[in-house]
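Results of the structural survey
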Amino acid sequence: MVDQVTASDVWREVGEWTIPTLLRRNAEEYGELPALSSGVGEDAETLSWRELHDRVAAAAHGLSSAGLHRGDRMLIDCSSRPEHWVVDFAAVHVGAIPCTTYATLSTEQVRHAATHSAATVVVLEGASQLRRWRPVLDSLSALRAVVMLDDSAIPEGDARFVSYSDLLAAGAQLHGRDPEAVRGWAEAVDQDDPVAMIYTSGTTGDPKGVVLSHNNVLYQCAAQELIQPAPANPRLVAYLPLAHIAERVLGMYLPTFSAAHVTVCQDAAALPATLQAVRPHGFFGVPRVWEKLSAGVQAVLAALPEEQRSAIDAARQAAAKAYAIRADGGELPAELADSLERADKAALRPLRDKLGLGEAVRLGSGAAPIPASVLEFFGSLGMTIMEVWGLSETTGAATTNFPDRYRAGTVGLPTPGMAVKLTEDGEVLVKGPLVFLGYLQADGRVEPDVDADGWLATGDIGTLDEDGFLTITDRKKELIITSSGKNIAPSKAEGLLRTHPLIGYAAVIGDKRPYVTALLALDEEAAPAWAKAAGIEATEVSELAEHPRVLAEIETAVRGANEQLSRPEQIKKFRVLGRPWTPESGELTPTMKLKRRVIGQTYAGEISELYTEEAAK
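None of the values given here were measured: they were computed from a predicted structure.

1. Brief notes about the overall build of the protein
The helix and strand tally for the protein stands at 22 helices and 27 strands. For 617 residues, the compact-globule estimate of 2.2 N^0.38 gives 25 Å, and the C-alpha radius of gyration of the protein, at 25 Å, lies within 12% of that figure. Once the C-alpha set of the protein is aligned to its principal axes, its extents read approximately 75 × 60 × 55 Å. The long-range fraction of contacts in the protein, counting pairs at least 24 apart against all pairs at least 6 apart in sequence, stands at 66%. Entry remark: accessible area of the protein is about 26100 Å², with carbon and sulfur atoms responsible for 50%. Taking the 58 positively charged and 83 negatively charged side chains of the protein as two groups, their mean positions are separated by 3 Å.

Given below as structure tokens:
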């Protein structure tokens, strides 16, 4: 039960471990087991835990020789590939602070991160990354080396550049001559030392450098293992950017803690096939991933013959009842448990197997609100998705739903050891072992950002119900105050709108305005599929955004959302845009959150038209 996991239990699991000592443990105790695969298929490379440790040791020697020392910052601009894990862990061994930057950063954003961090070593993947970094490198006074994974991208005549292969080869020789050096470095790392830095996504201003400790990340790992135990040496898939706290914990630190086997999926389009090949024991999806999976499954179910669909619907009804009963830790009646077991085996387990999630025992969602209807849909498939909430500053999940106590639409209860309270205006405050060390300052200091009692102001607005479940209503800085003084949380309407398969993203507008409007971006995958099923010949998003039948369906979706909103929250006018939103196009952060400031600037004309006298009638 949830109340059986205490902070003492978690700290006991953390013990005296650090990331370097856990890597050594894995090499010694699980040396032949797979640790990291570059993908699936014949061309994929798999490193055992012993091989991964040896490469990390070689890279640590190489980076040390290149000028990376204790306390230095190292920036990584590289896709998720095994070399990324190697250089990151290697930096930690020498006491430096690794930081992965988002691949979508512009040159000016790169300049901010590189200058602010005073990076001494930069690791770049290839020519694409170098194009964005080259205008910045000469201005970095602390820079000692640039490590390139792609040898062919190294510019001639620049002594600062070193190839990853050369660095690894030279480091391997050093490690061979002095194998105890890495052990000494590992033992010199303290649990309160920094393990990583994460730049916030910058939805409302310049990104800040969030510095996390070994204790922070290992406490999170131990808590997750106790809350939702997985099999020994579990199989996992890493597909989110390693610049994001979720993938850092779930794709790097948790696998190290549990000696798991991680398969890297670099291409989001290959995620379904990767899940089917790996059959992971756990999977974390940002809400948009779960929403797309939900829409896909529902489309498959709708196309089934009536007899087959009826059998699945009956099984889903039983699973939905069980989902509701288990929410508060209730025991299933024997008759329901027996019928569900039979129905699950015959109808639901095959569906989960097709998703590649038939063996997953740890399912999660976070980074943004997920509609309760999506959680309940998967609950009817026998999949209990635990919605969590937190920030980079709280090492990910500060609150979580639990397998034996969950509530769809909330972000759960405090993670064991964490405390949550609300201010008078509803801002969520947290404190506990997951709160970060502090923000990196321009002079290299790490400055804590908590009050005298250790409380961190999160900037999120929420409510607590009588059982202590937290619901996040919006970001404090994103609340809309209309010209008539009504306070409106835009994420509520946005979540309702996104439940329609045509709508990929919605941005609700209305601050200092007389009424609420919305900009809607079609889903670039689901919208063409919906159009085809509806007999519409157009397939391009730009065409569909103007098609009368699409607009009529969107009108119906907006009406349906408005029925669930109070009058001040209701959307009076909307505009369907002719292009999808992506991190590359600028409207979204790499973790798929809305960049409201960018949207407001980019679509100022469209927004203005929604508030003309004619639009108001």
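More follows now that the structure is in view.
2. Brief notes about helix 4 (residues 82–93)
When the terminal C-alpha atoms of helix 4 are compared, their 17 Å separation across 12 residues agrees well with the 16 Å that a helix rising 1.5 Å per residue should span. Along helix 4, the residues that are buried comprise P82, H84, W85, V86, V87, D88, F89, A90, A91, V92 and H93.

3. Some details on the side chain of S213
Along the chain, the position of S213 falls in strand 9 (residues 209–213). A polar contact of 3.3 Å, which involves the side chain of S213, links it to the backbone nitrogen of N215.

4. So, the domain arrangement of the protein
Structurally, the protein comprises domain 1 (19–189 + 231–280), domain 2 (284–419 + 469–474) and domain 3 (480–611). Centre-to-centre separation of domain 1 and domain 2, based on C-alpha positions: 33 Å. With 14 residues of domain 1 at the interface, the matching set in domain 2 holds 19 residues. We note a salt bridge from E359 to R279, for which the minimum N-O separation is 3.1 Å. Linking domain 1 with domain 2 are 6 residue pairs in polar contact (both at pLDDT 80 or more), by the criterion used here. Going through the elements one at a time, helix 10 (245–258) and helix 11 (271–278) are the ones with two or more residues in the side of domain 1 that touches domain 2. Ranked by residues supplied to the side of domain 1 that touches domain 2, first place goes to helix 10 with 5 residues. Classifying every residue of the side of domain 1 that touches domain 2 gives 10 nonpolar, 2 polar and 2 charged.

5. Regarding the sheet that holds strand 7 (residues 161–163)
Within the open sheet, the 5 strands sit side by side as 4-3-5-6-7. Their pairing is parallel. Each of the sheet's edge strands pairs with one partner strand only, and the pair in question is strand 4 (97–100) and strand 7. Put simply, the sheet's adjacent strands are angled 20° from each other on average, direction ignored. In this sheet, strand 5 (residues 121–124) lies alongside strand 3 (residues 73–77) in parallel orientation, the contact comprising 4 bridges. Counterpart to L75 in the pairing with strand 5 is V122.

6. Quick notes on the state of the cysteines
This structure, assessed with the given rule, holds 0 disulfides. Cysteine C99 remains unbridged, with the sulfur of C78 as its closest cysteine sulfur at 13 Å. This cysteine, C265, is not joined by any disulfide, and C78 carries the nearest cysteine sulfur, 15 Å off.

7. Quick look at the packing of helix 12 (residues 287–302) against helix 15 (residues 372–379)
It is at 10 Å that the axes of helix 12 and helix 15 come closest, and there the two elements cross at 50°. One way to sum up the angle between helix 12 and helix 15 is to call them oblique. Classified by chirality, the crossing of helix 15 by helix 12 is left-handed. Residues W290, E291, L293, S294, V297, Q298 and L301 of helix 12 form the contact with helix 15, whose participating residues are V374, F377 and F378.

8. Notes on the packing of aromatic side chains
Under the criterion given, the structure shown has 9 aromatic pairs. Between F377 and F378, the aromatic rings sit 5.5 Å apart at their centres with planes inclined by 70°, giving edge-to-face as the arrangement. Its relative accessible area of 8% is what places F377 among the buried residues. Taking the ring centre of W17 as reference, the NZ or CZ of R25 above it sits at 5.3 Å. Over the ring of Y515 we find K572; its NZ or CZ atom is 4.9 Å from the centre of that ring.

9. Some points on the nonpolar core
Counting residues in hydrophobic clusters, the biggest one holds 77 residues, and the most contacted among them are L52, M74, W85 and Y253. What L52 contacts, discounting residues up to four positions off in sequence, is L23, A35, L36, L47 and V86. Core analysis: the next-biggest nonpolar cluster, separate from the first, contains 47 residues, A246, V286, Y323 and F377 among them.

10. Examining the pattern of salt bridges
Per the stated rule, a full pass over the model turns up 36 salt bridges. Between R70 and D193 there is a salt bridge; the shortest N-O distance is 2.7 Å. Taken as a pair, R70 in the loop between helix 3 (49–66) and strand 3 and D193 in the loop between helix 8 (180–188) and strand 8 (194–199) lie far apart in primary sequence, 123 residues in all. Here R70 falls in the partly exposed class, since its relative accessible area comes to 49%.

11. Notes on helix 6 (residues 127–137)
What sets the pattern is the α-helix's 3.6 residues per turn: residues three or four places apart point alike. Taken together, the buried positions of helix 6 are occupied by Q129, L130, R132, W133, V136 and L137. The inward-facing, buried residues of helix 6 abut strand 3, helix 5 (107–117), strand 5, strand 6 (145–148) and strand 7.

12. Regarding the packing of helix 1 (residues 7–14) against helix 9 (residues 214–227)
Where helix 1 meets helix 9, the closest approach of the two axes is 8 Å, and the angle between their N-to-C directions is 115°. The angle between helix 1 and helix 9 places the two elements in the roughly perpendicular class. Of the two possible hands of crossing, helix 1 and helix 9 adopt the one that is right-handed. Contact with helix 1, carried on its side by A7, D9, V10, W11, E13 and V14, involves N215, L218, Y219, A222, A223 and L226 of helix 9 and no other residues of that element. When its residues are assigned to classes, the contact of helix 1 with helix 9 shows 9 nonpolar, 1 polar and 2 charged.

13. Comments concerning the pairing of strand 10 (residues 235–238)
Across 4 bridges, strand 10 lies against strand 11 (residues 261–264) in parallel orientation. Following the sheet pairing, A238 is matched in strand 11 by V264. Chirality of the crossover, the property in question, places the unit of strand 10, helix 10 and strand 11 among those that are right-handed.

14. With respect to the sheet that holds strand 22 (residues 470–475)
Pairing is antiparallel across the open sheet formed by 4 strands, whose spatial order is 17-18-21-22. Each having just a single partner strand, strand 17 (419–422) and strand 22 make up the two edges of the open sheet. Each strand of the sheet is rotated relative to its neighbour by a mean of 50°, with strand direction disregarded. Relative to strand 21 (residues 456–464), strand 18 (residues 427–431) runs antiparallel, the two being bridged by 3 bridges. Bridge pairing in strand 21 links E427 to I461.

Reading the values: the criteria
Residues numbered from 1 in each chain as written. Predicted model: local features only at pLDDT ≥ 70, side-chain atom pairs only at ≥ 80, totals over all residues. Heavy atoms only, no water. Helix = DSSP H or I, 4+ residues; strand = E, 2+ residues; numbered from the N terminus. Rg over C-alpha atoms; globule rule 2.2 N^0.38 Å. Contact = heavy atoms within 4.5 Å. Areas by Shrake-Rupley, 256 points an atom, 1.4 Å probe, with all protein chains shown as cover. Lys, Arg positive; Asp, Glu negative; His and termini not counted. Charge placed at Lys NZ, Arg CZ, Asp CG, Glu CD. Expected span 1.5 Å × (residues − 1). Buried < 20%, exposed > 50% of the residue type's maximum accessible area, 1.4 Å probe, protein only. Polar contact = N/O pair within 3.5 Å; in protein donor to acceptor, adjacent residues only side chain to side chain. Domains from an automatic or database assignment. Salt bridge = Lys/Arg side-chain N within 4 Å of Asp/Glu carboxyl O. Nonpolar A, V, L, I, M, F, W, Y, C, P; charged D, E, K, R; others polar. Pairing = 2+ DSSP bridges. Axes fitted to C-alpha atoms, helices over the stretch in contact; angles between N-to-C directions. Disulfide = S-S within 2.5 Å. Parallel < 35°, antiparallel > 145°, perpendicular 65-115°, else oblique. Left-handed = near helix turned anticlockwise from the far one by under 90°. Phe/Tyr/Trp six-rings, centres within 6.5 Å; stacked < 30°, edge-to-face > 60°. Lys NZ or Arg CZ within 6 Å of the ring centre and 35° of its normal. Core = buried A, V, L, I, M, F, W, Y, C linked by side-chain atoms within 4.5 Å. Right-handed = clockwise from strand over helix to strand, strands pointing away.

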